[in-house]
Amino acid sequence: MKRLSGMVRLEGNIHIPSYPDDSRPARPGPGSASPAVFLDRDGVIVEEVGNVTHPGQLCVLPHVPEAVARLQERYLVIVATNQAAVGMGLITEAGLLEVHREMAGRLYSRGAFLDGICYCPHRPGAALAAYDVQCGCRKPQPGMLVTAAARWGVDMSRSFMVGDRQGDMDAARAAGVRGIRVGASPAKQHRGVLSAPDLAGAADIILSTTGGMPEKGAG
Ligand SMILES: [Mg+2]
Ligand SMILES: [Zn+2]
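Fair warning: this is a prediction, and the values are worked out from it, not measured in the lab. (Residues numbered from 1 in each chain as written. Chains lettered and ligands numbered in written order. Predicted model: local features only at pLDDT ≥ 70, side-chain atom pairs only at ≥ 80, totals over all residues.)

### Looking at the sheet that holds strand 1 (residues 6-10)
Keep this limit in mind: Strand pairing requires that DSSP identify at least two bridges connecting the strands. Numbering goes from the N terminus for both helices and strands, where a helix is a DSSP run of H or I of at least four residues and a strand is a run of E of at least two. To get an axis, fit a line to the C-alpha atoms, keeping to the stretch in contact for a helix; angles then go from 0 to 180 degrees between the N-to-C directions. We call two residues in contact whenever the C-beta atoms placed from their backbones are within 7 Å.
Ordered in space as 1-2-5-4-3-6-7-8, the eight strands form an open sheet in which the pairing is mixed. The sheet is open, and its two edges are formed by strand 1 and strand 8 (194-196), each paired on a single side. Here the average twist between neighbouring strands, direction ignored, is 25°. Sheet topology note: the strand 4 (residues 76-82)/strand 5 (residues 116-120) ladder contains five bridges and is parallel. Paired with I78 across the two strands is G116, which belongs to strand 5. Running at roughly 135° to strand 1, helix 3 (residues 93-108) makes contact with strand 1, strand 2 (14-18) and strand 5 of the sheet.

### Description of the packing of helix 1 (residues 64-71) against helix 6 (residues 199-207)
To keep things clear, this is the line we draw: Oblique is the label for any angle not covered by the other classes, which are roughly parallel (under 35 degrees), roughly antiparallel (over 145) and roughly perpendicular (65 to 115). Note: crossing handedness is left-handed where the near helix turns anticlockwise from the far helix by less than a right angle, and right-handed where it turns clockwise. Think of it as three bins: nonpolar holds Ala, Val, Leu, Ile, Met, Phe, Trp, Tyr, Cys and Pro, charged holds Asp, Glu, Lys and Arg, and polar takes everything else, Gly as well.
Running from amino to carboxyl end, helix 1 crosses helix 6 at an angle of 15°, the nearest separation of the two axes being 9 Å. Our classification of the angle between helix 1 and helix 6 gives roughly parallel. The crossing of helix 1 and helix 6 is left-handed. Contacts between helix 1 and helix 6 pair V64, E66, A67, R70 and L71 from the former with L199, A200, A203, I206 and L207 from the latter. Tallied by class, residues from the contact of helix 1 with helix 6 come to eight nonpolar, no polar and two charged.

### Some points on the nonpolar core
Quick note on the threshold: The term nonpolar core means buried Ala, Val, Leu, Ile, Met, Phe, Trp, Tyr and Cys residues held together as one set by C-beta atoms within 7 Å. A residue is called partly exposed when the number of other C-beta atoms within 10 Å of its own lies between 12 and 20, exposed at 12 or fewer, and buried at 20 or more, with C-beta atoms placed from the backbone.
In this structure, V37, F38, I78, L145 and V162 are the most contacted members of the largest nonpolar core, which totals 59 residues. When residues in this core are grouped by element, the largest group, six residues, is from helix 3. Sequence-distant contacts of V162, that is, excluding residues within four places in its chain, are made with V37, L39, D40, V44, I180, V182, L199 and A202.

### Describing helix 4 (residues 143-152)
Every buried residue belonging to helix 4 is among G143, M144, L145, A148, A149 and W152, and all of these are buried. Packing partners of the buried residues in helix 4 comprise strand 3 (36-39), strand 4, strand 5, strand 6 (160-163) and helix 5 (166-175). One or two steps after helix 4, the chain reaches G153, where phi turns positive at roughly 70°.

### Description of the pairing of strand 6
Basically, it comes down to this: With strands facing away from the observer, any crossover in which the path from the first strand over the helix to the second runs clockwise is taken as right-handed.
Alternating residues of strand 6 divide into F160 and V162 and M161 and G163, and every residue in both groups is buried. Pairing between strand 3 and strand 6: three bridges, direction parallel. Each bridged residue has a counterpart across the sheet, and for L39 the counterpart in strand 6 is V162. A crossover links strand 6 with its parallel partner strand 7 (residues 178-182), the connecting element being helix 5, and its sense is right-handed.

### Describing the pairing of strand 4
Counting buried positions along strand 4 yields seven of seven residues, so the element is predominantly enclosed. Of the two faces of strand 4, the one holding L76, I78, A80 and N82 and the one holding V77, V79 and T81 are both buried throughout. As paired strands, strand 3 and strand 4 are joined by four bridges and run parallel to one another. Following the sheet pairing, V37 is matched in strand 4 by V77. For the crossover from strand 3 across helix 1 to strand 4, the handedness is right-handed.

### Some details on helix 1
Test applied: It is the directions from the helix axis to the C-beta atoms that the arc portrays.
Along helix 1, the residues that are buried comprise V64, P65, A67, V68 and L71. Seen end-on, helix 1 carries its buried residues on one side only, within an arc spanning 160°.

Dropping the structure here:
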C-alpha cells in the first residue's frame, strides 16, 4: 500500500503531509494566486464522532478520496478544522499530528492528496490555560483561511469552503470565499448558501464553475 513520507508541523498550526512519489497533480508555483477548496474535517472528510482523540477513531466518509482527487486537479485542497479537544486536554498537539498523518495516509492510499491541514486548538474557557484564548482562528472566525491564503497565495474570489456547520459558512463569508454546506437538511439552510449532500456533491458544484486552475493540457 502507498504510504505517506511523513507529516510536519509548521508555525501557525499547520500540518503538511509529504508524499513519496510524483503521482501528484502539478501544484501552482510560488507567487501565483491560486484558487483553493477549504474543507472542514469532521462531518465532511471523516465521520462526525465527537472528539477524535486517537487515529483509530477516524472513519473516512464514502466517496471522499475520489472527491478530493478530483478537486486537487484544479484547486489547492486545504483542511481547516476546529480542534478544541486539544485545549480541553483530550489530545495533545503531537497526538493530533498522528491523527492527521493517519487521515492523510488513508486518503493518499486511495489517490487523494492534501496541500495542508490547518487546525485551531483553542477555545475560550479551555481546561489548559495555554489554549484558553479568544483567538482569531476558531471558526466562525476566518483566521485559518486567512493564514492559509497568505501561505499558499490563495485567490479567495475563486475559492470555496465546504463544511457541515453554520460556523463553517460564517468563516467562509468572513474570508470572502463561497460556502457549500453538506449534510444538513434543506430546512436548516440559510438562503444564499449552496448545499450538497456530501463532499462528492460539493465537488460537482465546484468543478462545474470555471474558477479553478487550468486542467492539464488545457490552453
Ligand atoms: Mg464539521
Ligand atoms: Zn484558534
